[in-house]
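# Report on the structure
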Amino acid sequence: MKRLNLPLVLDTLFAAVCAFLLFFTALRFYTKNPAVGLIFGIVAALLFGALAFIYISRRQSKSFLISHDEKQKKLLALHLTLSSDAYVKNLFLKCFEDAKISGKRVICGGITYFFNFKMQHLSEDDIAQIIKEDVPEDKAIYCVKASPEALFLAENFGIKIITIDEVYELLKSKDLLPEKYIYEDKKRANIFKRIRARFSRKLCAPLFWSGLALLLLSYFTFFPIYYIVSGGLMLILAACALVLN
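Reference entry: report on the structure contained in this document. None of the values given here were measured: they were computed from a predicted structure.

Cut-offs and rules
- Residues numbered from 1 in each chain as written.
- Predicted model: local features only at pLDDT ≥ 70, side-chain atom pairs only at ≥ 80, totals over all residues.
- Heavy atoms only, no water.
- Helix = DSSP H or I, 4+ residues; strand = E, 2+ residues; numbered from the N terminus.
- Buried < 20%, exposed > 50% of the residue type's maximum accessible area, 1.4 Å probe, protein only.
- Core = buried A, V, L, I, M, F, W, Y, C linked by side-chain atoms within 4.5 Å.
- Contact = heavy atoms within 4.5 Å.
- Salt bridge = Lys/Arg side-chain N within 4 Å of Asp/Glu carboxyl O.

## Comments concerning unusual backbone geometry
Even without being a glycine, Lys32 presents a positive backbone phi close to 65°. Following the sequence through the fold, Lys32 ends up in the loop between helix H1 (6-31) and helix H2 (34-65). Its identity as a non-glycine residue notwithstanding, Asp175 has a phi of 55°, on the positive side. One can find Asp175 in the loop between helix H7 (164-173) and helix H8 (191-198). Residue class for Asp175 comes out exposed when judged on its relative accessible area of 68%.

## Here's the deal with the nonpolar core
Counting residues in hydrophobic clusters, the biggest one holds 24 residues, and the most contacted among them are Phe92, Tyr113, Phe117, Tyr142 and Val167. Contributions of two or more residues to this core are made by helix H3 (68-82), helix H4 (85-93), strand S2 (105-108), strand S3 (111-116), strand S4 (138-143) and H7. When residues of this core are assigned to their parent elements, the largest contribution, five residues, is made by H7. If near-sequence neighbours (up to four positions away) are discounted, Phe117 is found in contact with Leu80, Thr81, Val88, Phe92, Tyr142, Cys143, Val144 and Val167. Residues Cys18, Leu21, Leu207 and Ala238 belong to the second largest nonpolar core, which totals 13 residues.

## A few points about the pattern of salt bridges
What the rule picks out here adds up to four salt bridges. Residue Asp165 is joined to Lys73 by a salt bridge in which the shortest nitrogen-to-oxygen separation is 3.2 Å. Taken together, the residues span a long stretch of sequence, with Asp165 in helix H7 and Lys73 in helix H3 at a distance of 92 residues. On the basis of relative accessibility, which here comes to 38%, the residue Asp165 falls in the partly exposed class.

What follows is the structure, encoded as structure tokens:
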């Protein structure tokens, strides 16, 4: 039996309730007919609830496709690709006991480790460059990923290829994963993302209750338009803060 997605259901109901309260109050005031307000309020609740359900479920599906570890691996791959040779060598030097740096390599336990981090697959040419290196130890290459041809060639020459999956697990076990990735300082969020970041889910409750209180006051005041508009805006912001985040 499929498990109920309770957060999705609750978020959808919240958006539907906000739409109902806004449309019911506004149309009841405009038409002076509670029945009309009720009908359009229900229609609005169904419509905006359905839109919220579709939007949130699609975002959830995208997030489930890439697990947290997979996201971290992608970030780590780019981080190591953009990092300097010295940073990479010193990072992996911490992973091994009695290791030493020799040029662009790290030697440990009778194995010479080479580093070739790039976003593209390791190619046969990359393996050929390692084959030409004359070292007495066995050879291993740390990389992001390798093509099937590169894997086949490396296997024929006894070269071990270590991809980002193993790199991630190694750094994670040693508690050496970067706290901040190198490209984050260069990344600039667009205006929409900056605005959306301000709408935390923590704003939902105070905005909702404030908006609801203003809509209720519109039933008793001599100047209901102000309360309807202000309360409606608060309900819209509350729904947006919940759905977008």
